[in-house]
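Each chain, written out:
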Amino acid sequence: MAIIDFDVHHGNGTQDAFYSDADVLYVSSHQYPHYPGSGAAEETGSGQAVGTTLNIPLPGGVGDGGVARIYDEIVTPAVRRFRPDLILVSAGYDAHWADPLAGLMLTCTGHARLARTLIDLAAELCHGRIVFTLEGGYNLDALAHGVANAVRALLGRDDLSDPLGSAQNTEPDLSAIIADLKTRHRL
Ligand SMILES: [Zn+2]
């Protein structure tokens, strides 16, 4: 089983539950440093399970482009290698630019793309078995459209709603972070 956590906060409780369990791949992309403080790239699991925790700490302002790159270049190859029989998604929408708690600067469109990437992986690897569980999201419009877009994606629909649009910001270059993660996890 793989758990993919795109909530803006590190999933410290989920990580703790499976940190020494080699049968569960836990992947978390999150703003870092940020609450709750855990989730450094060096946290990769313990004992037989080293390598089955994949933390992706991201600077503020990453935006749709940066997160798409992370999911294409890091998350997708890691999940393909693990070959889960089920994907669980910790689906938080607090990485949206309008969220008051954090600053990863995603849009509803960016969140929808993430959902589609994970649904495609489930179709490819585990007969479509995927479960989205709602986590954070503190701008209620961004939350509502994020959830609605994920449900549309689960139904195989291509349309999405993004009335909030984007906040103009300059996205930081993630090349060093991606290179570090590829080396650390041999991706
Ligand atoms: Zn959160």
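These remarks concern the structure in this document. Only a predicted model underlies this, so the values are computations on that prediction, with no experimental measurement involved. (Residues numbered from 1 in each chain as written. Predicted model: local features only at pLDDT ≥ 70, side-chain atom pairs only at ≥ 80, totals over all residues. Heavy atoms only, no water.)

## Description of the pattern of salt bridges
How we decide: By salt bridge we mean one thing: a side-chain nitrogen of Lys or Arg within 4 Å of a carboxyl oxygen of Asp or Glu. Helix and strand labels come from DSSP, where a helix needs a run of H or I of at least four residues and a strand needs a run of E of at least two; each type is numbered from the N terminus. Accessibility here uses a 1.4 Å probe with only protein chains present; expressed as a share of the type maximum, an area under 20% marks a residue as buried, one over 50% as exposed, and anything in between as partly exposed.
Counting across every chain of the model gives nine salt bridges. The closest approach of N and O atoms between Arg184 and Glu42, which form a salt bridge, is 3.6 Å. Of this pair, Arg184 sits in helix H5 (residues 175-184) while Glu42 sits in the loop between strand S2 (25-31) and strand S3 (53-58), placing them 142 residues apart in sequence. Classification of Arg184 as partly exposed rests on a relative accessible area of 31%. Several salt bridges converge on common partners, so that one network encompasses Arg69, Glu73, Asp173 and Lys182.

## What to know about the coordination of the zinc ion
Which entries qualify depends on this criterion: Counted as donors are N, O and S atoms no farther than 2.8 Å from the metal, or 3.2 Å for Na, K and Ca; water is not among the atoms, and sites may therefore look incomplete.
Protein coordination at the zinc ion: the donors are Asp7 (OD), His9 (ND1) and Asp94 (OD), at 1.9 to 2.0 Å from the metal. As a motif over one chain, the donors of the zinc ion read D-x1-H-x84-D. As far as burial versus exposure is concerned, Asp7 and His9 are alike and both buried.

## As for the nonpolar core
Across soluble globular proteins, nonpolar side chains show a tendency to be buried alongside one another. Stated formally: For our purposes a nonpolar core is just a set of buried Ala, Val, Leu, Ile, Met, Phe, Trp, Tyr and Cys residues, chained together by side-chain atoms within 4.5 Å. The contact criterion used throughout is that any non-hydrogen atoms of two residues lie within 4.5 Å.
Ranked by internal contacts, the top residues of the largest apolar core, which has 41 residues, are Ile4, Ile56, Tyr71 and Ile87. Those elements that place two or more of their residues in this core are strand S1 (2-5), S2, S3, helix H2 (63-82), strand S4 (87-91), helix H3 (108-125), helix H4 (140-154) and H5. Each residue touching Ile87, except ones within four places of it in the same chain, is listed here: Ala2, Ile4, Val79, Leu118, Leu121, Ala122, Cys126, Arg129, Ile130 and Val131.

## A short note on the environment of Ile4
Structurally, Ile4 can be placed in strand S1. Along the chain, Ile4 and Tyr19 lie 15 residues apart, while their C-alpha atoms are 14 Å from each other. Residues within four places of Ile4 in sequence aside, it is in contact with Val27, Tyr71, Val75, Val79, Ile87, Leu88, Val89, Ser90 and Leu118.

## Quick notes on the sheet that holds S4
Going by this rule: Pairing between strands is defined by DSSP: at least two bridges between the two strands are required. The axes are straight lines fitted to the C-alpha atoms, using for helices just the contacting stretch, and the angles between their N-to-C directions are given from 0 to 180°.
Reading across from one edge, S3-S2-S1-S4-S5 is the order of the five strands in this open sheet, with parallel pairing throughout. Edge positions in the open sheet fall to S3 and strand S5 (130-134), since each of these has one partner strand only. When strand polarity is set aside, the average angle formed by the axes of neighbouring strands in this sheet is 15°. Of the strand pairs in this sheet, S4 and S5 are connected by five bridges, and their pairing is parallel. Across the sheet, residue Ile87 finds its bridge partner in S5, namely Ile130. Of the strands in this sheet, S1, S4 and S5 are in contact with H3, which crosses S5 at around 150°.

## Focus on the packing of aromatic side chains
Stated formally: Paired rings are identified among Phe, Tyr and Trp, the last through its six-membered ring, by centres lying within 6.5 Å, and are further divided according to the angle between planes into stacked (under 30 degrees), edge-to-face (over 60) and tilted (the rest).
If you walk through the whole model with that rule in mind, you get one aromatic pair. An angle of 75° between the planes, with centres 5.8 Å apart, marks the rings of Phe6 and Tyr93 as edge-to-face. Taken as a pair, Phe6 in the loop between S1 and helix H1 (12-18) and Tyr93 in the loop between S4 and H3 lie far apart in primary sequence, 87 residues in all. For the pair Phe6 and Tyr93, one class covers both residues: buried.

## Side note on empty space enclosed by the protein
Which entries qualify depends on this criterion: For cavity detection a 1 Å grid was placed over the protein atoms alone, and a set of points counts as a cavity when a 1.4 Å probe fits there but cannot get out; an open set counts as a pocket when protein lies on both sides within 12 Å along at least five of seven lines, with lining residues being those that have an atom within 4 Å of a point. Grid points are joined across faces, edges and corners, and a volume is the space filled by probe spheres set on the points. Residues were grouped as follows: Ala, Val, Leu, Ile, Met, Phe, Trp, Tyr, Cys and Pro as nonpolar; Asp, Glu, Lys and Arg as charged; and all remaining residues, including Gly, as polar.
Within this structure, the stated rule accounts for one cavity of 30 Å³ or more. There is about 50 Å³ of room inside the largest cavity. Considered class by class, the residues forming the lining of the largest cavity number seven nonpolar, two polar and no charged.

Shape descriptors only; they carry no functional weight alone.
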